[in-house]
Amino acid sequence: MGLEVHAHLLTNSKLFCGCSTKFGAEPNSHTCPTCMGLPGALPVLNRKVVDFAIKLGLALHCDINRRSIFARKNYFYPDLPKGYQISQYEEPICENGYLDVFMGDTKKRIRVKRVHMEEDAGKLVHESTIETSSYSMVDYNRSSVPLLEIVSEPDIRTPEEAILYLKILRDVLIYLEICDGNMEEGSFRCDANVSVRRKGEAILGTRAELKNLNSFRSIERSLDYEITRQIELIKKGGEVVQETRLFNVDEGITYSMRGKEEAHDYRYFPEPDLLPLVVDDGWIADVRKTLPELPIEKMERFMNEYGLPKYDVEILSSDKGLAGYFEETVKIFPEPKTVSNWIMTELLRELKDGNVSPKDSPLSPAHLAELLALIKDGTISIKIGKEIFPELCKSGASPKRLVADKGLVQISDETAITSIVEAVIARSPKEVAEFKAGKEKLLGFFVGQVMKEMKGKANPKLLNELLLKRLKD
Ligand code: ZN
Ligand code: MN
């Protein structure tokens, strides 16, 4: 399999005009003569798009071509007012890169053939009502919104690998802050070229292209289906034909949409309205300075520096803000695994419930560190810590203050606990007898009774010791 990803760029304006790229506006409100393809309107390249293309190219270890050219890709479709899409063909801006993906514990390298800049098409909206027959409307807001197309070599062997590659590529785009990765809004779209070959054969079989895959789930399902379809077909003596196929989510099958065009069908030729793009070393060096630590680098550093397992590291590095939150907390409370556990379970649950991103969390890293310190020094129990967690996440209050205000300080006073232990034992002769007869799991019953009376504040370790000592007397 080889994958082609189209990523919408987070620029404010379009690729060749000053119109807004904002999603969801009133149809045709973000348009001008240039992006509607009116005769005589000329394109002017958006410099920011070039910055972003170089940035991704560097992150994917590509060669950045000092000279690249824009080309016209000709085809007719009502959402393409010019009758051609401005893209790059023979000389794209980035070539020959790669992306490393974790497959279990080993890294696999997927080669990236090219990254090029191109404009998006508009959007057709199909309607049908009882009164009218079905009809279509066109919205040119998306026309000429900047895209990067990222084309991999056919290095991907299983649907699982495809998903891992796509997820890490999406993370990279988000880390670089050049694409929001939103699949529902179409900011990150994937097409897949799939072929099969007999074991031992060197040459890849004829490929079919799957279009419009807009969720990780549907990508995985459609690849699974398509691989099986091609194998069955060949086993029955049939032949795979080169074509474009669509995946039907409801039926879970792919079906033929059209015969696949070859590149020459598009009559590519250099765009005469745009000069060749020349990028000098200084420009590339400037962009290189803006590169952040990338997800895979962060994962490896977190494993080495903090000794965290890969499972934790994958979750923490899946969001730049979350990774930063973790590191800030560890700076104050230097027990990485404990911090990671609380973040992965308690914090992520609360953030998800409140639909808040880690960097906007009302519970600050300093406060999480404070909470963990209160537990560590025995001021409160883990149980109390978990109980007050949702409130801390909502209010942003200091854990120390909340614990003091609510009188939640753990009781580690032996005399105080012993008196409750005695009371519970005195009123539970039946359970005491059963415990002494060997039903040791009743210890939980006694712990529960004492905790209930002490409102959960008894030091659990001490309570256990005192109970055992008393019951085994
Ligand atoms: Zn425009
Ligand atoms: Mn494309």
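Bear in mind the structure is a predicted one, so any value in this text is a computation, not a measurement. (Residues numbered from 1 in each chain as written. Chains lettered and ligands numbered in written order. Predicted model: local features only at pLDDT ≥ 70, side-chain atom pairs only at ≥ 80, totals over all residues. Heavy atoms only, no water.)

1. Overview of the overall build of the protein
And step 1. Tallying secondary structure elements over the protein gives 15 helices and 16 strands in all.
And step 2. Expected size for 473 residues packed as a compact globule is a radius of gyration near 23 Å; at 30 Å, the protein overshoots this value by more than 25%.
And step 3. Along the longest, intermediate and shortest principal axes, the C-alpha atoms of the protein span 95 × 55 × 55 Å.
And step 4. Evaluated residue by residue, the protein yields a buried proportion of 47% over its 473 residues.
And step 5. Within the protein, contacts between residues at least 6 apart in sequence are counted, and of these 68% link residues at least 24 apart. (Helix = DSSP H or I, 4+ residues; strand = E, 2+ residues; numbered from the N terminus. Rg over C-alpha atoms; globule rule 2.2 N^0.38 Å. Buried < 20%, exposed > 50% of the residue type's maximum accessible area, 1.4 Å probe, protein only. Contact = heavy atoms within 4.5 Å.)

2. Structural notes on the coordination of the manganese ion (ligand 2)
And step 1. The coordination sphere of the manganese ion (ligand 2), as far as protein atoms go, consists of H6 (NE2), E118 (OE) and E149 (OE), spread over 2.0 to 2.2 Å.
And step 2. Mapped onto the sequence, the residues coordinating the manganese ion (ligand 2) show the spacing H-x111-E-x30-E. Of the two residues, H6 sits in strand β1 (residues 2-8) while E118 sits in strand β7 (residues 106-119), which places them 112 residues apart along the sequence.
And step 3. For H6, a relative accessible area of 12% puts it in the buried group.
And step 4. On the accessibility criterion, E118 (3% relative accessible area) is buried. (Donors = N, O, S within 2.8 Å, 3.2 Å for Na, K, Ca; no water.)

3. With respect to the side chain of S152
And step 1. Summarising the element assignment, S152 is placed in strand β10 (residues 146-152).
And step 2. Aside from chain neighbours lying at most four places away, what touches S152 is G2, L3, I110, R111, V112, K113 and Y165.

4. Thoughts on the packing of aromatic side chains
And step 1. In total, this model carries 10 aromatic pairs according to the counting rule given.
And step 2. Residues F16 and F70 carry aromatic rings whose centres are separated by 5.8 Å and whose planes lie at 80 degrees to one another, so their mutual orientation is edge-to-face. Note that F16 is positioned in the loop between β1 and α1 (47-59) and F70 in strand β4 (residues 70-74), a separation of 54 residues in sequence.
And step 3. Measuring from ring centre to ring centre gives 5.2 Å for F302 and F326, while their planes differ by 45 degrees; the resulting arrangement is tilted. Within this pair, whereas F302 is found in helix α5 (residues 295-306), its partner F326 is found in helix α7 (residues 320-332), the two being separated by 24 residues in sequence. For the pair F302 and F326, one class covers both residues: buried.
And step 4. The ring of Y98 has R109 lying over it, and the distance from NZ or CZ to the ring centre is 3.7 Å.
And step 5. Over the face of the ring belonging to F216 we find K167, whose NZ or CZ atom lies 5.2 Å from the ring centre. (Phe/Tyr/Trp six-rings, centres within 6.5 Å; stacked < 30°, edge-to-face > 60°. Lys NZ or Arg CZ within 6 Å of the ring centre and 35° of its normal.)

5. Brief notes about the pairing of strand β14 (residues 253-259)
And step 1. Summarising the sheet, strand β13 (residues 243-248) and β14 pair through 6 bridges and their orientation is antiparallel. Residue pairing across strands places F247 opposite T254, the latter belonging to β14.
And step 2. As consecutive antiparallel partners, β13 and β14 are separated by 4 residues, and within that stretch G252 has a phi angle of approximately 70 degrees, a positive value. (Pairing = 2+ DSSP bridges.)

6. Here we look at the coordination of the zinc ion (ligand 1)
And step 1. Those protein atoms acting as donors to the zinc ion (ligand 1) are C17 (SG), C19 (SG), C32 (SG) and C35 (SG), and they sit at 2.3 to 2.4 Å.
And step 2. Taken together, the 4 donor atoms surrounding the zinc ion (ligand 1) define angles of 101 to 115 degrees at the centre, an arrangement classified as tetrahedral.
And step 3. Summarised as a motif, the one-chain spacing of the donors to the zinc ion (ligand 1) is C-x1-C-x12-C-x2-C. With C17 in the loop between β1 and α1 and C35 in the loop between β1 and α1, this pair connects stretches of sequence that are 18 residues apart. (Tetrahedral: all angles 85-135°; square planar, octahedral: opposite > 155°, others 65-115°.)

7. Quick notes on the domain arrangement of the protein
Interface size is often expressed as the accessible area that is lost when the parts come together.
And step 1. Along its sequence, the protein is organised into domain 1 (2-194 + 261-287), domain 2 (295-406) and domain 3 (414-471).
And step 2. Its C-alpha centre places domain 1 at a distance of 67 Å from the equivalent point of domain 3. (Domains from an automatic or database assignment.)

8. Considering the sheet that holds strand β15 (residues 269-270)
And step 1. The strand order across the open sheet built from 3 strands is β5-β4-β15, with neighbouring strands paired in antiparallel fashion. A strand with exactly one partner marks an edge of an open sheet, and here the two such strands are β5 (84-88) and β15.
And step 2. Looking at chain direction, β4 and β5 are connected through 5 bridges and run antiparallel. Across the sheet, A71 pairs through a bridge with S87, a residue of β5.

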